[in-house]
Amino acid sequence: MALDLKPEHKTLLALATKAQKNAHAPYSNFFVGAAILDEKAQHHASCNVENAAYPLGQCAEAGAIAAMVASGSKHIKHILIASPNDEFCSPCGGCRQKIAEFADAQTEVHLATKEGKIKTVKFTELLPLAFGFEK
Ligand code: THU
């Protein structure tokens with residue numbers, strides 16, 4: 001478990017994994033969890049929520065971002081995405097743009113496999129030259 005995870009990020013993994021269990025993914029059967037640590041040191045987590053009208057489904061990252069904004073925070077310091085299998089689940093293009101809205105050059109994205117292996121990248125590596133990213 002959590003093979004390469006720094007102590008300060010263990011909470012992110014725990015919260016993402018907990019939310020992941022509640023994912024509503026009856027169409028893809030691909031359960032994803034996401035957790036954010038914001039600028040106020042508050043955590044926010046969510047899971048993917050699919051819909052019978054497939055395009056209406058929402059990614060785990062989008063739910064975690066919405067929870068962060070609803071709580072009054074506007075900055076992602078760390079975001080962790082928990083994959084349902086042993087491959088990293090990297091945010092889709094749409095979620096990268098959603099993360100960009102609340103990220104800066106220091107924002108870190110942690111990708112966690114089911115077995116707890118972690119790959120950490122800077123957000124700017126995931127979406128270079130992001131539209132609207134001026135931080
Ligand atoms: N999904 C996420 O929630 N986050 C990602 O980073 C990639 C994909 C969801 C969307 C859909 O419910 C399912 O995984 C399969 O694509």
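Worth saying up front: this structure is predicted, and the values here are computed from it rather than measured. (Residues numbered from 1 in each chain as written. Predicted model: local features only at pLDDT ≥ 70, side-chain atom pairs only at ≥ 80, totals over all residues. Heavy atoms only, no water.)

Novice: Break down the site of the ligand for me, with residues and values.
Specialist: Every residue close to the ligand is listed here: Ser 28, Phe 30, Val 32, Asn 48, Glu 50, Cys 59, Ala 60, Glu 61, Cys 89, Ser 90, Pro 91 and Cys 92. Contact distances for the ligand include 2.9 Å between an oxygen atom and a side-chain N or O atom of Asn 48. The separation between an oxygen atom of the ligand and a polar side-chain atom of Glu 61 is 2.6 Å. Structurally, the ligand is housed in the largest pocket. Grouping the amino acids of the shell around the ligand by side-chain chemistry returns seven nonpolar, three polar and two charged. (Near = heavy atom within 4 Å. Polar contact = N/O pair within 3.5 Å; in protein donor to acceptor, adjacent residues only side chain to side chain. 1 Å grid on protein atoms, 1.4 Å probe; cavity = no way out; pocket = protein on both sides within 12 Å on 5 of 7 lines; lining within 4 Å. Sits in = over half its atoms within 2 Å of the grid points. Nonpolar A, V, L, I, M, F, W, Y, C, P; charged D, E, K, R; others polar.)

Novice: Summarise helix α1 (residues 10-21); cite the residues concerned and give the values.
Specialist: For α1, spanning 12 residues, the distance from its first C-alpha to its last is 17 Å, which sits close to the expected 16 Å at 1.5 Å a residue. For α1, every residue scored as buried is listed here: Leu 12, Leu 13, Ala 16, Ala 19 and Gln 20. Axial view of α1: buried residues confined to an arc of 135 degrees, hence all on one face. The exposed set on the far side of α1, more than 90 degrees from its buried face, consists of Lys 18 and Lys 21. (Helix = DSSP H or I, 4+ residues; strand = E, 2+ residues; numbered from the N terminus. Expected span 1.5 Å × (residues − 1). Buried < 20%, exposed > 50% of the residue type's maximum accessible area, 1.4 Å probe, protein only. Arc of directions from axis to C-beta.)

Novice: How would you summarise helix α2 (residues 60-71) if you had to cite specific residues and measurements?
Specialist: Relative to the 16 Å expected for 12 residues at 1.5 Å per residue, α2 spans 17 Å between its end C-alpha atoms, a close match to the ideal helical length. Close packing links the buried residues of α2 with β1 (33-38), β2 (43-47), β3 (76-82) and α3 (93-100). Positive phi shows up at Gly 72, right after α2, with a value of about 105 degrees. (Contact = heavy atoms within 4.5 Å.)

Novice: Go over the packing of aromatic side chains with me, naming the residues and quoting the values.
Specialist: Summed over the entire model, instances satisfying the criterion amount to two aromatic pairs. Taken together, a centroid distance of 5.4 Å and an interplanar angle of 45 degrees make the contact between Tyr 27 and Tyr 54 tilted. Remark: Tyr 54 occurs in the loop between β2 and α2 and Tyr 27 occurs in the loop between α1 and β1; sequence separation between them is 27 residues. Between Phe 123 and Phe 133 the ring centres are 5.7 Å apart and the planes differ by 55 degrees, which places this aromatic pair in the tilted class. Of this pair, Phe 123 sits in helix α4 (residues 123-126) while Phe 133 is found in the segment after α4, placing the two residues 10 residues apart along the sequence. The pair Phe 123 / Phe 133 is uniform in exposure class, with both members buried. (Phe/Tyr/Trp six-rings, centres within 6.5 Å; stacked < 30°, edge-to-face > 60°.)

Novice: So what about the environment of Ala 62? Which residues, and what values?
Specialist: Assignment of secondary structure puts Ala 62 in helix α2. Aside from chain neighbours lying at most four places away, what touches Ala 62 is Cys 95 and Lys 98.

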